[in-house]
Number of protein chains: 2
Amino acid sequence: MKYGFSRRVKYLKSSAVRDILKVINQGDIISFAGGLPDEGLFPVEAVDQAFHKAVTSNAKALQYGETEGVKELREALVERMAKKGMKRDAEDVLITSGSQQAIDLFSRVMFNKGDIILTENPTYLAALQVFESYETKVVAVDSDDDGMVLADLEKKINRLKPKCIYVVPTYSNPTGKVWSLERRKKLLELADKYHVVIFEDDPYGELQFDKEDAPPSIASMDDNGLVLYTSTFSKTVVPAMRIGWIVGPHQIIRIMAQAKQATDLHTNSISQHALVHLLNDFDLDGHIEKIRKTYYERMLVMKDLLATAKVEGLEYIVPKGGMFFWVTLPEHFNTTKLLKKAVKNGVAFVPGSPFYVSKPDKNTLRMNFTNSTPELIKEGMGRLIQVLEETEEEQLISSK
Amino acid sequence: MKYGFSRRVKYLKSSAVRDILKVINQGDIISFAGGLPDEGLFPVEAVDQAFHKAVTSNAKALQYGETEGVKELREALVERMAKKGMKRDAEDVLITSGSQQAIDLFSRVMFNKGDIILTENPTYLAALQVFESYETKVVAVDSDDDGMVLADLEKKINRLKPKCIYVVPTYSNPTGKVWSLERRKKLLELADKYHVVIFEDDPYGELQFDKEDAPPSIASMDDNGLVLYTSTFSKTVVPAMRIGWIVGPHQIIRIMAQAKQATDLHTNSISQHALVHLLNDFDLDGHIEKIRKTYYERMLVMKDLLATAKVEGLEYIVPKGGMFFWVTLPEHFNTTKLLKKAVKNGVAFVPGSPFYVSKPDKNTLRMNFTNSTPELIKEGMGRLIQVLEETEEEQLISSK
């Protein structure tokens, strides 16, 4: 039988990253591709205890729950956010099945076909996917090391009347960049001046390498209901729980909750209750400190090895937190082609192209440093550098 | 700040049922409103053991997982379905966050604005909500005690060229009806003849009161890729796990998986792994047998009490399974108004109106018999019958 699909299907592509993940899980490939936390750091015992309590404490916790999320969890999140300067009410929090769902529900209630969304470039590819599936038009704003370039941002707001500005300002995926305090403030000013909503996606904010250097979230400076802020426990506890949240203006959160009701009734409440117990019984902040240190060490190992690659013009940003290195190779490199060679040599990364809004820089790539031990990073970087240097050499020969 | 929402927001209403649930959870009200299984029957110890194994057996189970769902769970489902005559491959199964998400993802990939969906009337209100949120047009097909009336069905298929026929053929929500075998076969024939997809929503199929009397699913008779079949563990294990699944033609399932990837990456995999352990270690079928017996006894208690109500013309369907009584009162009753009186008298139900596609029968109501003990059913039915008889008497006096 021939099936008739909806128009929006043409915007749904299987994500390049996840497709790669499927392949490279087979065999002896060292993968820097996925955005995965380290399984070795999962607080298994604490999670086990938390689930035990969640399942056995109260049969009500196993029943259908409220769409907005378990109240005790929303209250615990309000407390955690307050410590970071975000004063919000539990009624303005919606628990989601990971922060990916927050992006989707927000898009569902906000965007009509043709609506404009401004983003950085490159940016989180699964957000681009969602936006496009709602037939919106994503427009890239010029960025430098400190965030969006304000002149270009204001020009584009003025000319395009965007519905929303989507940003990952802290240890971004894929570039690992951090917006400066000044840019954060100015973004907020412009959003206020032109009445545009900001969507602040912050999955990595707690993974900063220098605690003194942690920038405040844009949401923490917002007193005018301009910012929707989302984060997740996927990087700090375990991804399999699929618990994220979004906080923002009550009017938007309330309608997102109605959309969520139609979508999946409510988020897994065993996980929600488990998280409440975990936050009560376990030193999550101490645990995050441990994760930070481990990831910082791994980042340094990768950085030192990157520096040894004999490839003229290879550039990278040293991340101040998060999970990724963003590497720019000389222009003759095409990282999608390079990936095939790399996989043959037993190492994988993600080509930069799918992270771009339009015309990609084909000579870029993203590497994850959190999911491999220092030993594996050394071995994998050896394999990668070999491929890089061989490719560089071939080019030198062929261009002679 | 004033926010601009998407057009589809106007189709999102908070579900009447869930709004009522919120109110009646307060105070001393006996509720027949929610579609809730009985917490007292939850297999807490088995669930606890299953989660313990899921969390501690393998750290990989706590990592990001595949969008399609945990492979072992899909394989276990294939085995369970095969026992009921549904021969399918694990590749044609998508694990969802409850079967509500299956309805939503299906709608997302299939429907354009203005597409026609044929349904029974009344039918599951949260499906109606989802369909409407995609700006489709839902058209009711005439039904009798055996299912859709075939003449009306064929006429409407012919005239309206629907994209899909949505049915809850087994112990339906809200009416508790069961389609006859003949109607099931004929529906399939018509779907084949006119190339229309059938969406078979089967959350209650395992809750039949007479095992000998269980009708085969429509999907089990489909050899032509016509049927999408969804079910859930919410009624047989615990709702809080939020684990449902959908099985159907690979081409549709594959695209739904891509949509799911954008929506929430994947379903909670701790719950998925826990379910794998539960299916291995626990006698789920024995447990379901226990649930069936308990629910059957409760249904009988409610039925016997309904029969005592001195309300001329009160009618109800005696359910052969599932969770609900569907009651039709004399025409002068308006059950939305009646609910206020009932709640004042300490008992709640769901008015029938929101389950209708168009012009509702305002004198109908749905009562759940699974979430109250026989004692509470007796007490609650006493309260309800008092309100019914008072209302009936007032009408008799005022019409004199």
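Not measured: the values here are computed from a predicted model.

Undergrad: So what's going on with the overall build of chain A? Which residues, and what values?
TA: The helix and strand tally for chain A stands at twelve helices and 15 strands. Computed over its C-alpha atoms, the radius of gyration of chain A comes to 21 Å, within 12% of the 21 Å expected for a compact globule of 400 residues. Relative to its 400 residues, chain A shows a buried fraction of 63%. Pairs at least 24 apart in sequence give 75% of the contacts found in chain A among residues at least 6 apart. Accessible surface for chain A amounts to roughly 15,400 Å². Of this, 49% is attributable to carbon and sulfur atoms. The positive charge centre, built from 52 side chains, and the negative charge centre, built from 55, are 6 Å apart in chain A.

Undergrad: Requested: an account of the packing of helix α8 (residues 250–264) of chain A against helix α4 (residues 98–110) of chain B, with residues and values cited.
TA: At their nearest, the axes of α8 of chain A and α4 of chain B sit 5 Å apart, and the two run at 100 degrees to each other. Classified by the angle between their axes, α8 of chain A and α4 of chain B sit roughly perpendicular to one another. Touching Gln261, Ala262, Thr263 and Asp264 of chain A of α8 of chain A are Gln100, Gln101 and Asp104 of chain B, all from α4 of chain B. Here the contact of α8 of chain A with α4 of chain B is composed, by residue class, of one nonpolar, four polar and two charged.

Undergrad: Lay out the nonpolar core with the relevant residues and their values.
TA: Counting residues in each nonpolar core, the largest one holds 111 residues, and the members touching the most others are Ile270 of chain A together with Leu153 and Ile270 of chain B. Residue contacts for Ile270 of chain B: discarding those within four places in its chain leaves Phe51, Val238, Ala240 and Met241 of chain A together with Phe51, Ala54, Val55, Ala61 and Leu62 of chain B. Formed by 74 residues, the second largest nonpolar core is a distinct cluster that contains Phe5 of chain A together with Val130, Tyr166 and Ile252 of chain B.

Undergrad: Account for the packing of aromatic side chains, naming residues and giving values.
TA: All names here are of chain A. Under the definition given, this model contains 27 aromatic pairs over all chains. For the pair Trp326 and Tyr356, a centre-to-centre distance of 6.2 Å together with 45 degrees between the ring planes defines the contact as tilted. Of this pair, Trp326 sits in strand β12 (residues 324–328) while Tyr356 sits in the loop between β14 (350–351) and β15 (364–368), and the two are 30 residues apart along the sequence. Neither residue differs from the other here; Trp326 and Tyr356 are each classed as buried.

Undergrad: Tell me about the sheet that holds β12 of chain A, residues and numbers included.
TA: Residue and element names in this part refer to chain A. What the four strands build is an open sheet, ordered β11-β12-β15-β14; its pairing is antiparallel. Because the sheet does not close on itself, it has two edges, and the strands there are β11 (315–316) and β14. Relative to β12, β11 runs antiparallel, the two being bridged by two bridges. Residue Tyr316 lies in a different strand from β12, and its bridge partner there is Val327.

Undergrad: Could you give an account of the pairing of strand β8 (residues 197–201) of chain B, with specific residues and numbers?
TA: Residue and element names in this part refer to chain B. Among the five residues in β8, five count as buried, and that is most of the element. Of the two faces of β8, the one lined by Val197, Phe199 and Asp201 and the one lined by Ile198 and Glu200 are each fully buried. In this view, the connection linking strand β7 (residues 164–167) to its parallel neighbour β8 by way of helix α7 (residues 181–194) has right-handed handedness. As defined by bridge partners, β8 adjoins strand β9 (residues 227–232) across four bridges and the pair is classed as parallel.

Undergrad: Requested: an account of helix α2 (residues 44–56) of chain A, with residues and values cited.
TA: Under the 1.5 Å per step criterion, the end-to-end length of α2 of chain A is 18 Å for 13 residues, consistent within 8% with the ideal 18 Å. Considering only its buried residues, α2 of chain A is in contact with α9 (269–281) of chain A together with α2 (44–56) and α9 (269–281) of chain B.

Undergrad: Explain the relation of the copies chain B and chain A residue by residue, including any values.
TA: After a rotation of 180 degrees and a shift along the axis of 0.0 Å, chain B superposes on chain A with an RMSD of 0.0 Å. Those values place the two copies in the arrangement expected of a two-fold rotation axis. Most of the interface of chain B is mirrored in chain A: 100% of its interface residues are interface residues there too.

Undergrad: Outline the sheet that holds strand β15 (residues 364–368) of chain B, listing residues and values.
TA: Residues and elements named next belong to chain B. Spatial ordering of the open sheet is given by β11-β12-β15-β14, a layout of four strands whose pairing is antiparallel. The sheet is open, and its two edges are formed by β11 (315–316) and β14 (350–351), each paired on a single side. With five bridges connecting them, strand β12 (residues 324–328) and β15 associate as antiparallel partners. By the bridge assignment for β15, Val327 is matched with Leu365.

Undergrad: Got a sec to walk through the domain arrangement of chain A? Specific residues and values, please.
TA: Residues and elements named next belong to chain A. Per the domain assignment, the segments making up chain A are domain 1 (7–42 + 285–398) and domain 2 (44–281). Computed from C-alpha coordinates alone, the two centres of domain 1 and domain 2 are separated by 25 Å. Across the contact, 34 residues belong to domain 1 and 39 residues belong to domain 2. For the domain 1 and domain 2 pair, buried surface summed over both sides reaches about 3,300 Å², with 62% attributable to carbon and sulfur atoms. Per-residue buried area on domain 1 facing domain 2 is highest for Phe42, Arg292 and Val357; these three make up 21% of the total on that side. Counting across the domain 1 and domain 2 interface gives two salt bridges. Note that Glu135 and Arg7 form a salt bridge whose closest N and O atoms lie 3.3 Å from each other. Here domain 1 is connected to domain 2 by ten residue pairs in polar contact (both at pLDDT 80 or more). Here the element with the most residues in the side of domain 1 that touches domain 2 is helix α10 (residues 284–306); it accounts for nine residues. Of the residues that constitute the side of domain 1 that touches domain 2, the class distribution is 20 nonpolar, six polar and eight charged.

Undergrad: Tell me what's going on with the interface of chain B and chain A, and back it up with residues and numbers.
TA: Contact with chain B, which involves 82 residues of that partner, is made by 82 residues of chain A. Both sides of the chain B and chain A interface together cover about 7,200 Å² of buried area, and 56% of this is carbon and sulfur. Here chain B and chain A share four salt bridges between them. Across the contact surface, chain B and chain A share 46 residue pairs in polar contact (both at pLDDT 80 or more). Examining the composition of the side of chain B that touches chain A, we find that nine residues originate from one element, helix α8 (residues 250–264) of chain B, more than from any other.

Undergrad: Please give an account of the side chain of Ser107 of chain B that cites residues and values.
TA: You can see Ser107 of chain B is positioned in helix α4. Classification of Ser107 of chain B by relative accessible area gives buried; the value is 0%. Polar side-chain contacts of Ser107 of chain B include one of 2.8 Å to the backbone oxygen of Ile103 of chain B. If we skip the residues at most four places from it in the chain, Ser107 of chain B touches Arg8 of chain A together with Val130, Phe131 and Tyr134 of chain B.

Undergrad: Report on unusual backbone geometry, specifying residues and quantitative values.
TA: For the bond from Asn173 of chain A to Pro174 of chain A, the omega torsion is 15 degrees, close enough to zero to count as cis. Note that Pro174 of chain A resides in the loop between β7 (164–167) and α7 (181–194). Even without being a glycine, Lys161 of chain A presents a positive backbone phi close to 45 degrees. Inspection of the secondary structure puts Lys161 of chain A in the loop between α6 (150–160) and β7. A positive phi angle, close to 60 degrees, is found at Glu135 of chain B, a residue other than glycine. With respect to the helices and strands, Glu135 of chain B occurs in the loop between α5 (125–133) and β4 (137–140). Residue Glu135 of chain B is classed as buried on the basis of its relative accessible area of 14%.

Undergrad: So what's going on with the environment of Val350 of chain B? Residues and values would help.
TA: Tracing the backbone through its elements, the reader meets Val350 of chain B in strand β14. A sequence separation of 284 residues divides Val350 of chain B from Glu66 of chain B, and the C-alpha atoms of the two residues are 38 Å apart.

Undergrad: Tell me about the pattern of salt bridges, and please be specific about residues and values.
TA: Counted by the stated rule, this structure contains 40 salt bridges over all chains. The partner of Glu135 of chain A in a salt bridge is Lys113 of chain A, and the shortest N-O contact between them spans 3.8 Å. Taken together, the positions of Glu135 of chain A in the loop between α5 (125–133) and β4 (137–140) and Lys113 of chain A in the loop between α4 (98–110) and β3 (116–119) put the pair 22 residues apart, joining distant regions of the chain. Note that Glu182 of chain B is salt-bridged to Lys186 of chain B, the shortest N-O span being 3.5 Å. Note that Glu182 of chain B and Lys186 of chain B are positioned in helix α7 at a spacing of four residues, about one turn of the helix.

Scoring rules and cut-offs
Residues numbered from 1 in each chain as written. Chains lettered and ligands numbered in written order. Predicted model: local features only at pLDDT ≥ 70, side-chain atom pairs only at ≥ 80, totals over all residues. Heavy atoms only, no water. Helix = DSSP H or I, 4+ residues; strand = E, 2+ residues; numbered from the N terminus. Rg over C-alpha atoms; globule rule 2.2 N^0.38 Å. Buried < 20%, exposed > 50% of the residue type's maximum accessible area, 1.4 Å probe, protein only. Contact = heavy atoms within 4.5 Å. Areas by Shrake-Rupley, 256 points an atom, 1.4 Å probe, with all protein chains shown as cover. Lys, Arg positive; Asp, Glu negative; His and termini not counted. Charge placed at Lys NZ, Arg CZ, Asp CG, Glu CD. Axes fitted to C-alpha atoms, helices over the stretch in contact; angles between N-to-C directions. Parallel < 35°, antiparallel > 145°, perpendicular 65-115°, else oblique. Nonpolar A, V, L, I, M, F, W, Y, C, P; charged D, E, K, R; others polar. Core = buried A, V, L, I, M, F, W, Y, C linked by side-chain atoms within 4.5 Å. Phe/Tyr/Trp six-rings, centres within 6.5 Å; stacked < 30°, edge-to-face > 60°. Pairing = 2+ DSSP bridges. Right-handed = clockwise from strand over helix to strand, strands pointing away. Expected span 1.5 Å × (residues − 1). Least-squares fit on C-alpha atoms with pLDDT ≥ 70 in both. Domains from an automatic or database assignment. Buried area = accessible area lost by both parts, 1.4 Å probe. Salt bridge = Lys/Arg side-chain N within 4 Å of Asp/Glu carboxyl O. Polar contact = N/O pair within 3.5 Å; in protein donor to acceptor, adjacent residues only side chain to side chain.

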